[in-house]
Amino acid sequence: VVALNKPQVNACVQSQSLPPTAGIMEWAHRLSADDWAELLGKSPALACYATLESEAEERDSVAFDDVDGGRQAAEHLLHLGHRKIAFLGLHQKGTQSGPAWSRLREEGWKQALHDAGYDHAGLAFYAARPTSTTSDPDQVEAVREAARRLLRRADIDAVVTANDRAAQALVEELRADVAHKSWPAIVS
């Protein structure tokens, strides 16, 4: 296995020194179609995306920011005995605003609770305003009020957060206001 960044790939292609390959995996969507055509030759290609598989443009793909991420997090908490599991998302309720992967993770969380026979109604908390998908401080601030609302619910014993920024906002609110022994379990 050889890991190369885009400048390294370009240098190898230009100097015709690309190592023999059994296949090529693109970790992020950065190579143009022309780059792929020149690079691949007869090698199989796999693209891995942090967002939606539809972005793979006819490549085999693996997505890790998807429904299954939310489902696995919720299933883990269910396995530990938690029953009132909230979701803290970075998207806005009922809109396409915010990161698509946050909506996908929420869907997985819902499916896990439903499959286990638990109701998810009233257990999802959302960003109050649109958030950037790249700015850490923006994501933390966008979901902070939702974290405060979530913590007003004494019946919630666990939380699936959309990502580490949502978890950070939740933990900061917990530290400011809640005794550690009363914290919910958190999976991000």
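Look up: the structure comes first, before these words.
Remember, predicted model here, so these are calculated numbers, not experimental data. (Residues numbered from 1 in each chain as written. Predicted model: local features only at pLDDT ≥ 70, side-chain atom pairs only at ≥ 80, totals over all residues. Heavy atoms only, no water.)

K.L.:
Explain the side chain of Asn163 here, please?
P.N.:
Relative to the assigned elements, Asn163 resides in the loop between strand S6 (158-161) and helix H6 (164-177). A polar atom in the side chain of Asn163 sits 2.9 Å from the side chain of Gln139. Residue contacts for Asn163: discarding those within four places in its chain leaves Leu90, Trp101, Arg105, Gln139 and Ser188. (Helix = DSSP H or I, 4+ residues; strand = E, 2+ residues; numbered from the N terminus. Polar contact = N/O pair within 3.5 Å; in protein donor to acceptor, adjacent residues only side chain to side chain. Contact = heavy atoms within 4.5 Å.)

K.L.:
Looking at this model, I keep getting lost on the pairing of S6. Mind explaining?
P.N.:
Successive residues of a regular strand alternate their side chains across the two faces of the sheet. Here S6 shows a buried face lined by Ala158 and Val160 and a second buried face lined by Val159 and Thr161. Summarising the sheet, strand S4 (residues 85-88) and S6 pair through four bridges and their orientation is parallel. Paired with Leu88 across the two strands is Thr161, which belongs to S6. Here S6 runs beside strand S7 (residues 185-187); their pairing, made up of three bridges, is parallel. Counted as the bridge partner of Val159 is Ile186 from S7. (Buried < 20%, exposed > 50% of the residue type's maximum accessible area, 1.4 Å probe, protein only. Pairing = 2+ DSSP bridges.)

K.L.:
Just to check I follow, could you spell out the sheet that holds strand S5 (residues 124-125) for this structure?
P.N.:
Within the open sheet, the four strands sit side by side as S5-S4-S6-S7. Their pairing is parallel. Two strands bound the open sheet, and with one partner strand each, they are S5 and S7. Pairing of S4 with S5, which is carried by two bridges, proceeds in the parallel orientation. Bridging across to S5, Phe87 finds its partner in Ala124. Of the strands in this sheet, S4, S5 and S6 touch helix H5 (residues 136-151), which is tilted by about 165° from S4. (Axes fitted to C-alpha atoms, helices over the stretch in contact; angles between N-to-C directions.)

K.L.:
Any chance you could explain the packing of H5 against H6 here in plain terms?
P.N.:
A packed helix pair is summarised by two numbers, namely the angle formed by the two axes and the spacing between the axes. One can describe the packing of H5 onto H6 by two numbers: an axis separation of 7 Å at closest approach and a directional angle of 50°. When the axis of H5 is compared with that of H6, the two are oblique. The interaxial crossing formed by H5 with H6 has right-handed handedness. Where H5 abuts H6, its residues Asp136, Gln139, Val140, Val143, Arg144, Ala147, Arg148, Leu150 and Leu151 lie against Arg165, Ala166, Gln168, Ala169, Leu170, Glu172, Glu173 and Leu174. (Parallel < 35°, antiparallel > 145°, perpendicular 65-115°, else oblique. Left-handed = near helix turned anticlockwise from the far one by under 90°.)

K.L.:
Can you help me understand the pairing of S4 in this one?
P.N.:
With burial as the criterion, each face of S4 is covered, one bearing Ile85 and Phe87 and the other bearing Ala86 and Leu88. Taken together, S4, helix H4 (residues 100-115) and S5 form a β-α-β motif whose crossover is right-handed. (Right-handed = clockwise from strand over helix to strand, strands pointing away.)

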